[in-house]
Amino acid sequence: MRTDFLPFSRPTIEDAEINEVVDSLRSGWITTGPKVKRFEEEFRSYVGAPYAVPLSSATAGLHLTLLALKIREGDEIITTPMTFASTVSICVLCGAKPVLVDIEPGTLNIDAAKIRAKITERTRAVIPVHFAGQSCDMDPIFALAKEFGLAIIEDAAHAAGTEYKGQRIGSLDSVSIFSFHPNKNITTGEGGMVCTPDEALAEEISLLKFHGMNREAWKRFAASGTPNYDIMLPGFKYNMMDIQAAIGIHQLPRLDGFIDRRTAIAEFYNRELADTAELALPAYAPYEQRHAWHLYTPLVRIEHLTIDRDTFMAELKKENIGTGLHYKAIHHHEYYRNTLNIAPGELPNADYASDRILSLPLFPLMTMDDARDVVEGVKNVIAKFRK
Ligand SMILES: *Cc1c(COP(=O)(O)O)cnc(C)c1O
C-alpha cells in the first residue's frame, strides 16, 4: 500500500506562473489589466471564439449570461441533473425553473433524445454540460434550439480543449462558459470565461461584469486615458484580476499537453480495470470528438458489494487514495429534492449514477506508479467487500 496520500486532483503550477504573479505584484497593477486582456485574447484564439469575456468564475459567467439573455421569473431552463450545483442554482436565482432531463447511461451527458418531451411554451434555454470533458451530442440540441427558438448555453467548465466533430467547444454558435477553478483542466486560481460569436451579448456581459461601467479602469488610469467614466446600467463585480490571468497565460500553452497526460492515465485505468465486474467504466460517445478527460468517473456496482459508494470512498482513503464526488445528482440535494418535485423513477439513469459514481485521481502531475497504486487500491477494496 502507498505510504503518502494521493489527492484526486492537484493543479500543475510551475515557476513561470509563480514568476508572472510576482511580476504583477511588483508592477503596481494587480487587478484587471493588460494580463487579463492577453489571457482573454489567447484563450479566445485557442477555442476559436469570436468574443470572450474573462470573469471571476464560471458561476459568474452563468449568472451574467442568463441576465444578458433576459431570463426572468417563470422561464424554464432545461439542463442535466449530473452537474455542479451552480448550473441550476443560477437559474433559480434568476427566477427561472430548472427542468432536469435524464442522462445517457454511458457518457453521463444529457440525453438529447429526451429533451423534446420537456420543452414547453415557457422554455427559454438549454444548458448542456460537457460532463467530465466529453462533448454532449450538440447537433440534435442545436436542431431543437432552432425549432423552438431556444438559447444554448454550454456549461463548458470541464471542457477546455474538448472538441465535438472537429470543432472546439467555445467555437460553436452558442454561449459557452469555462471555469478555471484549481481542479479544472487549466486554472487561474479562481476564474471563468464566457465565449460566444454574439457581439451584442458579449458586450452586455462585459458591461454587467464591472459595475456597468463604460470603460475599464486600467484604461482610465493609463497615461493615455482620462479618469471620467459613465455607468451604463447597474452591474456586478465579477472581473478577473491580472494576478489570476498571470497564472492562466502560462497554463494555456500547456493545456494540450495536460490533456495528453490525462488521456494516458484515463486509458491506463480503462485497460487495467476493464475486467473488474464491480465497476462500470466511463464510455466514449460514438461520434467524432476529443475528450479532455477532466474527470475519470467509474460507477461502483454496489449490487456486487457489501458496502455503499460512500463507504467505498472511505475505504479507498484508508488505502491513501483520494476520490471526488462529481456528482450527487441535483435532485438528490436537500433544496432541489424539496423544490423540483421530481417523481421517483423520473430520472432513472441519473439516480443510478448518483448512488454509484466517484472520481478517481486524475491530474497531469500524477505518475504511472501513482495510477498503478490507484488500480491496486480499488482492487483491494473490491476484494475485501465483494459479495
Ligand atoms: C466547476 C463547475 C462550475 C462552476 O465553476 P466556478 O468557476 O467554480 O464557478 C459550473 N459547472 C460545472 C459543471 C463545474 O464543474
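Within any chain, residue numbers begin from 1 and follow the written order of that chain's sequence. For this predicted model, a pLDDT threshold of at least 70 governs which residues receive local features, and a threshold of 80 or more governs which side-chain atom pairs are given and counted, while totals over whole chains, interfaces and linings are taken from all residues. Values reported for side chains reflect all heavy atoms of the structure, with hydrogen atoms and water molecules removed beforehand.

Identification of the chain as DegT/DnrJ/EryC1/StrS aminotransferase family protein from Geomobilimonas luticola is taken from an unreviewed UniProt entry. UniProt positions are given in the numbering used here, feature names are shortened, and annotations may be inferred rather than shown by experiment. The chain has a UniProt comment under Sequence similarities (unreviewed entry) that states "Belongs to the DegT/DnrJ/EryC1 family."

Colleague: Looking at this structure, how should I read a negative patch on the surface?
Modeller: A cluster of like negative charges, contributed by Asp173, Asp198, Glu199 and Glu203, occupies part of the molecular surface. The helix count covers DSSP runs of H or I at least four residues long, the strand count covers runs of E at least two residues long, and both are numbered beginning at the N terminus. Mapped onto the elements, Glu203 comes out in helix α6 (residues 199–209). Exposure remark for Glu203: the relative accessible area of 52% places this residue in the exposed category. Candidate patch residues must exceed 30% relative accessible area and have no salt bridge, after which like charges are joined if within 9 Å and Val, Leu, Ile, Met, Phe, Trp or Tyr side chains if within 5 Å. Each accessible area value is a Shrake-Rupley result obtained with a 1.4 Å probe; residue values ignore everything except the protein chains displayed when judging cover. Salt bridges, as used here, are contacts in which a Lys or Arg side-chain nitrogen is within 4 Å of a carboxyl oxygen on Asp or Glu. Just so you know, the count uses Lys and Arg for positive and Asp and Glu for negative, and it drops His and the chain ends. The atom standing in for a charge is NZ when the residue is Lys, CZ when it is Arg, CG when it is Asp and CD when it is Glu. Only protein chains enter the accessibility calculation, which uses a 1.4 Å probe. A residue is then buried if its area is under 20% of the maximum for its type, exposed if over 50%, and partly exposed in between.

Colleague: What's the story with the packing of helix α1 (residues 15–27) against helix α8 (residues 242–251) in this structure? I'm lost.
Modeller: Two quantities define a packed helix pair, namely the angle between the helix axes and the distance between the axes. Axes, fitted as lines to C-alpha atoms, cover a helix only where it is in contact. Angles between the N-to-C directions of the axes lie from 0 to 180 degrees. Running from N to C, α1 and α8 cross one another at 150°; their axes reach a closest spacing of 8 Å. Taken together, α1 and α8 sit at an angle that is classed as roughly antiparallel. Of the two possible hands of crossing, α1 and α8 adopt the one that is right-handed. Taken together, the residues of α8 that come into contact with α1 (itself represented by Ala16, Glu17, Glu20, Val21, Ser24 and Leu25) are Asp242, Ile243, Ala246, Ile247, Ile249, His250 and Gln251. Roughly parallel here means an angle under 35 degrees, roughly antiparallel means over 145, roughly perpendicular means 65 to 115, and every remaining angle is called oblique. Handedness of a helix crossing follows the sense of rotation of the near helix relative to the far helix, less than a right angle counterclockwise being left-handed and clockwise being right-handed. Contact definition: two residues touch when any of their heavy atoms are within 4.5 Å.

Colleague: Would you mind going over the pattern of salt bridges with me for this structure?
Modeller: This structure, assessed with the given rule, holds 25 salt bridges. Residue Asp23 is joined to Lys35 by a salt bridge in which the shortest nitrogen-to-oxygen separation is 2.6 Å. Separated by twelve residues along the polypeptide, Asp23 in helix α1 and Lys35 in helix α2 (residues 34–47) bring together distant segments of the chain. Judged by its relative accessible area of 42%, Asp23 is partly exposed. Here Glu40 makes a salt bridge to Lys37, at a shortest N to O gap of 3.1 Å. Linking Glu40 with Lys37, this pair stays in helix α2, spanning three residues, or about one helical turn. Owing to a relative accessible area of 14%, Glu40 belongs among the buried residues under this scheme. Judged by relative accessible area, which is 35%, Lys37 ranks as partly exposed. Linked by salt bridges that have partners in common, Arg2, Asp4, Asp370 and Asp373 make up one network.

Colleague: Got a minute to help me understand the site of the ligand in this structure?
Modeller: Taken together, the neighbourhood of the ligand is formed by 15 residues, with Thr59, Asp155, His158, Ser179 and Lys184 sitting nearest. Between the ligand and Asp155, the relevant distance is 2.7 Å, taken from a nitrogen atom to a side-chain nitrogen or oxygen of the residue. Burial of the ligand by the protein amounts to 93% of the accessible area it has alone, namely 380 Å². Counting only elements with at least two residues in the shell around the ligand, the list comes to α3 (58–68) and α4 (85–93). Its residues assigned to classes, the shell around the ligand shows five nonpolar, eight polar and two charged. Nearness is judged by heavy atoms alone; a residue qualifies as near a molecule or strand once a single heavy atom is within 4 Å of it. Definition of a polar contact: a pair of N or O atoms within 3.5 Å, with one able to donate and the other able to accept a hydrogen when the atoms are protein atoms, and with sequence-neighbouring residues admitted only if both atoms are side-chain atoms. Under the grouping applied here, Gly and all other residues not named as nonpolar or charged are polar, the nonpolar ones being Ala, Val, Leu, Ile, Met, Phe, Trp, Tyr, Cys and Pro and the charged ones Asp, Glu, Lys and Arg.

Colleague: In this structure, what is going on with the state of the cysteines? I would like to understand it.
Modeller: What we call a disulfide is simply a covalent bond connecting the sulfur atoms of a pair of cysteines. Cysteine sulfur atoms that pair up within 2.5 Å are treated as a disulfide. One pass over the structure, following the stated rule, counts zero disulfides. Not engaged in a disulfide, the cysteine Cys94 finds its nearest cysteine sulfur in Cys91; these two sulfurs lie 7.3 Å apart. In this model Cys195 remains outside any disulfide bridge; the closest cysteine sulfur is found in Cys136, 17 Å from its own.

Colleague: Looking at this structure, how should I read the environment of Ile321?
Modeller: By secondary structure assignment, the location of Ile321 is in the loop between α10 (309–318) and α11 (334–339). Look at Ile321 and you get buried, because its relative accessible area is 1%. For the pair formed by Ile321 and Pro54, sequence separation is 267 residues and the distance between their alpha carbons is 35 Å. Discounting chain neighbours no more than four positions away, the residues touching Ile321 are Arg2, Phe5, Leu6, Leu316, Pro361, Asp373 and Val374.

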